[in-house]
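# A look at the structure
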Amino acid sequence: MDEIIERIKTNRIAQIFIGIIILFIIVSIWYLNKILSKQKKETLPCYNQTITILSPFTSTDLTELNAHASKYCIKLTFKEKDLNYIKNNLLKDIAQGNIPDIVFVDSDFLLENLNIFQEYKGKTLNIDEYPESIIEPLNNKLIAYPLYFDVLVTFANREYLNNAGLLSAPKTFEELKNVLPSLRILDSSYNIQLAPIALGTANNIDRLFEIFVTIHKNLNEDKYKDINSFYNTLDFYTQFANKSSPYFAWQEYLPNSFVAFAQGQVALIFGFYSDKDRILDINKRIKLEIYPFLRFAGKTKSYNYIKTYFFAVPKQGKHKYAWMVLEFFDKYYEKFISKKDLLPIKKALIEKVDKNKKEIVKDLLIGDYFYEFNREYFENAIKVDIQNWLSDKENVKRLISIEQIRRFFKK
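Residues numbered from 1 in each chain as written. Predicted model: local features only at pLDDT ≥ 70, side-chain atom pairs only at ≥ 80, totals over all residues. Heavy atoms only, no water.

### A word on the nonpolar core
Counting residues in hydrophobic clusters, the biggest one holds 135 residues, and the most contacted among them are Phe-117, Tyr-145, Leu-147 and Phe-173. If one sorts the elements of this core by residue count, strand β4 (residues 145–157) sits on top with nine residues. Residues within four places of Leu-147 in sequence aside, it is in contact with Phe-57, Phe-104, Tyr-309, Phe-310, Phe-311, Phe-329, Tyr-333, Phe-336, Ile-337 and Ile-345. (Core = buried A, V, L, I, M, F, W, Y, C linked by side-chain atoms within 4.5 Å. Buried < 20%, exposed > 50% of the residue type's maximum accessible area, 1.4 Å probe, protein only. Helix = DSSP H or I, 4+ residues; strand = E, 2+ residues; numbered from the N terminus. Contact = heavy atoms within 4.5 Å.)

### Quick notes on the environment of Ala-202
Note that Ala-202 resides in the loop between β6 (192–197) and α9 (208–220). A sequence separation of 10 residues divides Ala-202 from Phe-212, and the C-alpha atoms of the two residues are 9.9 Å apart. Discounting chain neighbours no more than four positions away, the residues touching Ala-202 are Leu-208, Glu-252, Lys-383, Ile-386 and Gln-387.

### Remarks on helix α14 (residues 333–340)
Three or more residues of α14 are buried, namely Tyr-333, Phe-336 and Ile-337. In a view along the axis of α14, the buried residues occupy a sector of 95 degrees, so they form one face of it. Looking one or two places after α14, you find Asp-341, whose phi comes out positive at around 55 degrees. (Arc of directions from axis to C-beta.)

### A closer look at empty space enclosed by the protein
Counted by the stated rule, this structure contains one cavity of 30 Å³ or more. Of the volumes computed, that of the largest cavity is approximately 50 Å³. For the largest cavity, the full set of lining residues is Asp-61, Leu-62, Glu-64, Leu-65, Phe-329, Tyr-332, Phe-336 and Lys-339. Of all the secondary-structure elements, those providing two or more residues to the lining of the largest cavity are α3 (63–70) and α14. Of the residues belonging to the lining of the largest cavity, the class tally is five nonpolar, no polar and three charged. (1 Å grid on protein atoms, 1.4 Å probe; cavity = no way out; pocket = protein on both sides within 12 Å on 5 of 7 lines; lining within 4 Å. Points joined across faces, edges and corners; volume = space filled by probe spheres on them. Nonpolar A, V, L, I, M, F, W, Y, C, P; charged D, E, K, R; others polar.)

### Examining the packing of aromatic side chains
The geometry of an aromatic ring pair is captured by the separation of the ring centres together with the interplanar angle, meaning the angle of the planes. Enumeration over the complete set of coordinates arrives at 42 aromatic pairs. An angle of 70 degrees between the planes, with centres 6.2 Å apart, marks the rings of Tyr-145 and Tyr-333 as edge-to-face. Of this pair, Tyr-145 sits in strand β4 while Tyr-333 sits in helix α14, placing them 188 residues apart in sequence. You can call Tyr-145 buried: its relative accessible area is 1%. Exposure remark for Tyr-333: the relative accessible area of 1% places this residue in the buried category. Here the aromatic rings of Phe-378 and Phe-408 are separated by 4.7 Å at their centres, their planes lie at 70 degrees, and the arrangement is edge-to-face. Here Phe-378 is found in helix α17 (residues 375–389), whereas its partner Phe-408 is found in the segment after α18 (393–404), with 30 residues between them in sequence. With respect to class, Phe-378 is no different from Phe-408; both count as buried. The ring centre of Tyr-303 lies 4.9 Å from the NZ or CZ of Lys-217, which sits over that ring. Taking the ring centre of Phe-409 as reference, the NZ or CZ of Lys-225 above it sits at 5.2 Å. (Phe/Tyr/Trp six-rings, centres within 6.5 Å; stacked < 30°, edge-to-face > 60°. Lys NZ or Arg CZ within 6 Å of the ring centre and 35° of its normal.)

Here it is in structure tokens:
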């Protein structure tokens, strides 16, 4: 062997010949791999289907999904509609035969209409990837594909926090009361020029229902269905709109809370995490910071209003292929959530969120759908109660006790 190696070292022709053989082997392996890859691509099944997706998302938002589906001869047709349109028209459209194959819905609509959607029967998607708080209301089944969640948060204007000497927004309502004087600016008529927080009125508070019931349940805990608990919450809530209260913070004449915040008229407001986009659409230059929704000190339980959003598959559509497309989508889920800056709903991704979202995503664990409230009735009734509480408390109490309380909750 040593003799052969020595001959090769001194024989130029042998060296060239061996080099040609090595090059031939490398080229052959490359070419064979290319052929096998091509054959593999050519063996992908072709389903020759068109799947219609009804959602607020565009084909640009779902570029990767579109490309992946096309490999299987599945054409995706995107119908861009907002959630309100979907909730107002979906049942009618299905009855008329205009059936989308995949539709964007929220937890409220899904829980009210579970019977029209097709449960996932495949093996690719794993139900254990999702928190129990999301799956339990769905009878521990994948009735729809969980997309992202939303919770109430506190939006703060960093400029006003600095002016008040605050490093961060208050974490509890007790802390809020302590810092109200440093955030509030009044004119000579004791009217608000800079509001500390948008709270206390009925007609100019965005997300009033969600804010009120969340405060109500946190303030009263297990007794939140008792009639006196509503008097307690009305006292607490309206003190921020009471000129004679030391915690006077907000007035009826101010713009709606999101607009007022974006325009620099209020230091703190409540809203859903996703509402940041509405605020930034009004004023992209605002120094916006996001904190968890305020708690009550000393309470043993905490609740936050959670909304979950899903891709659901109507039973009357092409549910077999629609769920297949959602299996494709699952491969790009993390990228989609990151691109849209949404709160992820998978356990593994919740643990990976950046530090600005760490405290906010924890509220998924204490999330509550507040499904027991009869929203259709309660929302309008409580607005009237709030408007009249400070000026006519006894009559409001009488109205609540005689007529409203029995209709506040679903039976």
